[in-house]
Amino acid sequence: MLAPISVNLASLNFMTLSPMLIAIAGALGILIIDLIKKDLDKTLYVILTVLILFIDLGATLGLSLNDRGFFNLIVVDGVTILSEILILLASMLFVPLALTSKRFHEYSYPEYFALFLFMVAGFQFMVASDNLIMIFVGLETASLALYTLIALHNTAGSHEAAIKYFTMGALAAGFFVMGSAAIYAVTGSVELYDIARVLQERMDETGLMVTILGGAMMLIVAIGFKVSLFPFHTWTPDVYEGASSPTAGYMSIVPKVAMMVVAIRVLGMYIDLGIDTVRNVVIAMAVITMTLSNMMALVQDDVKRMLAYSSISHAGFVMAAIALDTTKANSSIFLYYTLFLFTNLGAFTLLWISRHKDKTHHVRYHHPYVKFSGMIHVEPVAAVIMAIFMLSLTGVPPFSLFWGKLYVISATVDAGYIWLAVILGLNSAVAAYYYLKLIVYMFLMPATDKTRTVYNNRSLALEIVIGIAVFATVTSIFYVQPLMRFVTALISASGY
Amino acid sequence: MNDILSVLIFFPLIAGILGLVVKEGSIRTYGISVAAVEFLLSLWMWFQFDPTDGGMQLVKRISVVPDFGISYYIGVDGISLFIVIMATLMTLIGIIALSVKEDIKNMILTLLFLEVAMVGVFVSLDAVIFYLFWEFSLVPMLYIIGAWGGEKRLYAAVKFFLYTFAGSLVMLVGMLYVAYAYHRMTGIWSFALTDWYTMLLPLSEQKWLFWAFFLGFAIKVPMFPFHTWLPYAHGQAPTVGSVILAAVLLKMGTYGFVRFSLPMFPDASVMYIIPVAILSLIMIVYTAMVAYAQKDMKQVVAYSSISHMGVIMLGIFAMNAEGISGSVFFMLSHGIVSGALFLLVGVIYDRRHTKMISDFGGLASVMPNYALIFGVMLMASVGLPLTMGFVGEYLSLAGFFKISPAMTAIGGTSIILGAVYMLSLYKRSFFGPVTHAANKTLTDLDAKELTALVPLVAIVIWLGVYPRPILGPIDTSVKALTVLMHEKAKTPEAKATIILSKSTKEAQ
């Protein structure tokens, strides 16, 4: 007979769970409001969601560093706090994008916002745990909600995108579970700190390396799918093309950040143990990913697909830093993604503003390059803003992403990987071509009759979001220092 | 005004932003006023400059990212002082002579932003700030070539951007490594050049760092075989774009060698004198020949410009005070002379909408003033004594004579070949009978064009006859540079090659 388990409530340390609980409670609250009173306007739900995220952010900032709780499943370290802040910032910028001047199907459902909050909670679970099962549960909660959000856009393309993403996501989930199982078989644990301890002891046993590496490779595959690393990146452009622009922009940041946190925890463990194969595989994947996706981005006709490939290449760029596994490299990941968040979300928002119900310029694409030709003559401010985002993505100083690139390349140089730093640099040069292409269309091509009607979906909320993004992109030189200090302090406090 | 350098950097920036308010019709006057004020400010900087001091002056240092050692760190010495003044002068001249009609407001504001970047590059003493201005200068130039250029302007603009961008990213890796090396030795992060100068890098690191920086600078110069973007850029750029590009932007590359490569990697620089010299010689002779074969006036000037940049490179890698001072002086004279030549080609292009040499002939009888000024500039370009071009070219070659007389002899053909292609251009376009009816009615230079060109003629002759006021401060700073290099050099070859001139030794 099993002995009854007695749990001391204080030892659960519910405070560590508070950010996720707030998001979940908020989502339930939205559903209840919908149950009581129908026909409420989307503006109510948008603002409620932003407020809930705001409280969530407050709870996250209130977490005490290096704490554990909830049966040891939840770990609050620097990485957790940083990634949760990133996730919440991105979400708070994302939700107001629902306040468009044109009506879009998905925002008329309150469920959309509830699902969104569930997804945020899922990502928060994912980054706040070093238990493989818990990570998996968070991943699936978030992913299932995200599939639905994509499909709710309700065009033929979005259904295709959702199904594609679902299929690939399911495959990735399978690999994640199999990898975890392999690890469990060797170590008898799903807790990373436990796993590291047992692996350390058993590493030298003959014949065991195959299983250890096999488990690691399956986890790399799962991470590769979610972060969209070569050769598991193929779904990305199609899914971005089908999803609405804000969702695509959101997907280029938040799910990737969450999965990168998992990568920092899991792959970092292998690299710390001195298993160089894992490091080499990750570096190889990172290099191939950014090079290949840069090549692919060159030949795209659609700006959104170009941005999709560009976000793959940025992910590859950052994965190189993950493979280094130094404090500076890990800090640079968060610096990079904080800066990338504003720029990239801003660029996708500008696409969102230019969204028409019908495809006005191309049979297949919503945002072909031609659509933006001669924009400087018609919408000079918008053209300049888009150009700033593109230059920032290229890494032209003084715009924000330059500092991110500078710091990542510097971390690579410090770690002794000069050849990798050169490849990172040259890839940025290749990438310059396709970002310039949009600038060339906007500034150097003659305007067409149709250019005048491009910004059809404009609204105050969207303009505010773009304003925040531009501000963050242009003034980065003034806040890089405090941001860097904050990030480095949190990362080094947790020993990464 | 101790912060004159900051004012110099930020005045055009603020003027450019506020200029958005100014109406299209008045923007030209606005542009000229701002550029003139900026030029006067740069003269004020010269006034404040102490010519007897070879070190950095008017220095300002404000920490921007202290944790990573990045600071807003600016200052001038004799090497950069006159390049800054030339940049502000050529911007002013370019705006005065501006003949663009459409979107003139965008053009003028873009030129002002470009001026920010140009001044910034030459006064930055922090590698990251230098890089920031260096990269940022690409954007306005991309727009100028791409929006107001000729038929293949998009190709030319993008090629210009990508070439330079790719090279400078490799240079960025080099810079980050130097910063890392500095951190390794001292425990402090710093991108300040004056800190980097104090560091002795092992030869093995100097070797690859030299080439990393070389790639960034050489593409900008442009050294053979990275020069292919330049004829396109010049061929397609509007007149003012070519003027700024030839006068100032190319100098960023050669300036980079003087400011970064030589003092930081003295051993590697001495070690690679011969390969660099061979590239420079190919550049001098080959592009001079190509210039002779051109049918387009502007391309002749463009290729001659590359050829002369080769002489500047030779002078820099002479590793002695004569050579380096000469090449810095040559940077200035080349800036003014080639800028003036591009302006002159632009004058005729505005009238006839062609740049083909075969479309002209006998211009001297129709446009005497034009022919006279063109003639003076052409002589300066060839390097005739008593013009500004002679001083720099002579000193650069004289400096390199100490390294290798044979190579100097080949480099000296630049003067002969220059005379060949320039005089043949002049003969075919200006002398003989007027062969095309359209040329008979051409009007001579108007007031606007004269305002732009006459000061340049005056400078070319003044500094050709009496270069002392400019050569003096340059020489003082260059001597300080050679002393630094001599002290830092570790290999015996480097010690022997970096010769200190007599007066420098006595001073020590």
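Residues numbered from 1 in each chain as written. Chains lettered and ligands numbered in written order. Predicted model: local features only at pLDDT ≥ 70, side-chain atom pairs only at ≥ 80, totals over all residues. Heavy atoms only, no water.

## Side note on the overall build of chain B
Thinking step 1. The secondary structure content of chain B amounts to 24 helices and 2 strands.
Thinking step 2. On C-alpha atoms alone, chain B measures out to a radius of gyration of 22 Å, which is about the 23 Å that the 2.2 N^0.38 rule sets for 508 residues.
Thinking step 3. Here the C-alpha coordinates of chain B stretch approximately 70 × 55 × 40 Å along the principal axes.
Thinking step 4. A total of 508 residues make up chain B; the buried ones form 66% of that total.
Thinking step 5. Counting every atom, chain B has about 16200 Å² of accessible surface; 68% of that belongs to carbon and sulfur.
Thinking step 6. The distance from the centre of the 31 positive side-chain charges to the centre of the 28 negative ones in chain B is 6 Å. (Helix = DSSP H or I, 4+ residues; strand = E, 2+ residues; numbered from the N terminus. Rg over C-alpha atoms; globule rule 2.2 N^0.38 Å. Buried < 20%, exposed > 50% of the residue type's maximum accessible area, 1.4 Å probe, protein only. Areas by Shrake-Rupley, 256 points an atom, 1.4 Å probe, with all protein chains shown as cover. Lys, Arg positive; Asp, Glu negative; His and termini not counted. Charge placed at Lys NZ, Arg CZ, Asp CG, Glu CD.)

## Remarks on the overall build of chain A
Thinking step 1. Check the secondary structure of chain A and you find 21 helices and 2 strands.
Thinking step 2. Compactness check: chain A gives a C-alpha radius of gyration of 22 Å against a globular reference of 23 Å for 496 residues, within 12% of the reference.
Thinking step 3. Viewed in the frame of its principal axes, chain A has a C-alpha envelope of about 75 × 60 × 40 Å.
Thinking step 4. Expressed as a percentage of its 496 residues, the buried residues of chain A come to 65%.
Thinking step 5. In chain A, the share of contacts with a sequence separation of at least 24, taken over all contacts with a separation of at least 6, comes to 81%.
Thinking step 6. Across chain A, the mean location of the 27 positive side-chain charges is 10 Å away from that of the 29 negative side-chain charges. (Contact = heavy atoms within 4.5 Å.)

## Some thoughts on unusual backbone geometry
Thinking step 1. Each neighbour pair has its own omega, and for Pro397 of chain A with Pro398 of chain A the value is 5°, a cis peptide bond.
Thinking step 2. For Pro398 of chain A, the position within the fold is in the loop between helix 17 (380-394) and helix 18 (400-414).
Thinking step 3. The omega torsion across Phe224 of chain B and Pro225 of chain B is 0°, close enough to zero to call that bond cis.
Thinking step 4. A positive phi is found at Ser228 of chain A, a non-glycine position, where the angle reads about 60°.
Thinking step 5. Along the chain, Ser228 of chain A turns up in the loop between helix 9 (209-227) and helix 10 (235-242).
Thinking step 6. With a phi close to 50°, Leu58 of chain B is a non-glycine residue in the positive phi region.
Thinking step 7. Here Leu58 of chain B is to be found in strand 1 (residues 57-65).

## Topic: the environment of Tyr434 of chain A
Residues and elements named next belong to chain A.
Thinking step 1. If you trace the backbone, Tyr434 turns up in helix 19 (residues 418-444).
Thinking step 2. Separated by 139 residues in sequence, Tyr434 and Met295 place their C-alpha atoms 9.4 Å apart.
Thinking step 3. Residues within four places of Tyr434 in sequence aside, it is in contact with Asn294, Ala297, Leu298, Met306, Ser310, Ser313 and Tyr369.

## With respect to helix 13 (residues 273-293) of chain B
Along an α-helix, residues three or four apart share an orientation, since each turn contains 3.6 residues.
All names here are of chain B.
Thinking step 1. Spanning 21 residues, helix 13 covers 30 Å between terminal C-alpha atoms, matching the ideal 30 Å at 1.5 Å per step.
Thinking step 2. For helix 13, the full list of buried residues reads Ile273, Val276, Ala277, Ser280, Leu281, Met283, Ile284, Thr287, Ala288, Val290 and Ala291.
Thinking step 3. The elements touched by buried residues of helix 13 are helix 9 (203-220), helix 12 (266-271), helix 14 (297-316), helix 18 (388-401), helix 19 (405-430) and helix 23 (492-497). (Expected span 1.5 Å × (residues − 1).)

## Here we look at the environment of Pro19 of chain A
All names here are of chain A.
Thinking step 1. Relative to the helices and strands, Pro19 is located in helix 2 (residues 18-36).
Thinking step 2. The class of Pro19 is buried, set by a relative accessible area of 0%.
Thinking step 3. When the C-alpha positions of Pro19 and Ser313 are compared, they lie 31 Å apart, and in sequence the two are 294 residues distant.
Thinking step 4. Excluding residues that lie within four positions of it along the chain, Pro19 makes contacts with Asp56, Ala59, Thr60, Leu63, Glu84 and Gln124.

## Focus: the packing of aromatic side chains
Ring pairs (aromatic) are described by centroid distance and by the angle formed between their planes.
Thinking step 1. Scanning the entire structure with this criterion turns up 64 aromatic pairs over all chains.
Thinking step 2. Between the aromatic rings of Tyr177 of chain B and Trp208 of chain B, the centroid separation amounts to 5.0 Å while the plane-to-plane angle is 65°, which identifies the pairing as edge-to-face. Residue Tyr177 of chain B is located in helix 7 (residues 153-186), and its partner Trp208 of chain B is located in helix 9; the two are separated by 31 residues in the primary sequence.
Thinking step 3. In this structure, Lys328 of chain A is placed above the aromatic ring of Tyr407 of chain A, and the distance from its NZ or CZ to the ring centre is 5.3 Å.
Thinking step 4. Of note, Arg61 of chain B hangs over the ring of Tyr73 of chain B, and the distance from its end group to the ring centre comes to 4.6 Å. (Phe/Tyr/Trp six-rings, centres within 6.5 Å; stacked < 30°, edge-to-face > 60°. Lys NZ or Arg CZ within 6 Å of the ring centre and 35° of its normal.)

## Notes on the pattern of salt bridges
All names here are of chain A.
Thinking step 1. One pass over the structure, following the stated rule, counts 20 salt bridges over all chains.
Thinking step 2. The residue Asp238 makes a salt bridge to Lys164 at a minimum N-O spacing of 2.7 Å. In this pair, Asp238 sits in helix 10 while Lys164 sits in helix 7 (residues 156-187), placing the two residues 74 residues apart along the sequence.
Thinking step 3. Asp238 sits in the partly exposed class, given a relative accessible area of 22%.
Thinking step 4. A relative accessible area of 28% places Lys164 in the partly exposed class.
Thinking step 5. A single network of salt bridges, built from pairs that share partners, joins Glu160, Lys164, Asp238, Glu241 and Arg305. (Salt bridge = Lys/Arg side-chain N within 4 Å of Asp/Glu carboxyl O.)

## Things to note about the pairing of strand 2 (residues 70-76) of chain B
Residue and element names in this part refer to chain B.
Thinking step 1. Taken across its 7 residues, strand 2 has 7 buried, putting it largely inside the fold.
Thinking step 2. Side chains of strand 2 alternate between two faces, with Ile70, Tyr72, Ile74 and Val76 and Ser71, Tyr73 and Gly75 buried alike.
Thinking step 3. Note that strand 1 and strand 2 share 6 bridges and pair antiparallel. Paired with Lys60 across the bridge in strand 2 is Ile74. (Pairing = 2+ DSSP bridges.)

## Re the interface of chain B and chain A
Thinking step 1. With 34 residues of chain B at the contact, the number on the chain A side is 37 residues.
Thinking step 2. Summing both partners gives a buried area of about 3100 Å² for chain B against chain A, and 84% of it is carried by carbon and sulfur.
Thinking step 3. Linking chain B to chain A there are 1 salt bridge.
Thinking step 4. Across the pair Arg485 of chain A and Asp67 of chain B runs a salt bridge whose closest N-O atoms are separated by 2.5 Å.
Thinking step 5. Here chain B is connected to chain A by 3 residue pairs in polar contact (both at pLDDT 80 or more).
Thinking step 6. Element by element, the count of residues in the side of chain B that touches chain A is highest for helix 7 of chain B, at 14 residues.
Thinking step 7. By residue class, the composition of the side of chain B that touches chain A is 28 nonpolar, 2 polar and 4 charged. (Buried area = accessible area lost by both parts, 1.4 Å probe. Polar contact = N/O pair within 3.5 Å; in protein donor to acceptor, adjacent residues only side chain to side chain. Nonpolar A, V, L, I, M, F, W, Y, C, P; charged D, E, K, R; others polar.)

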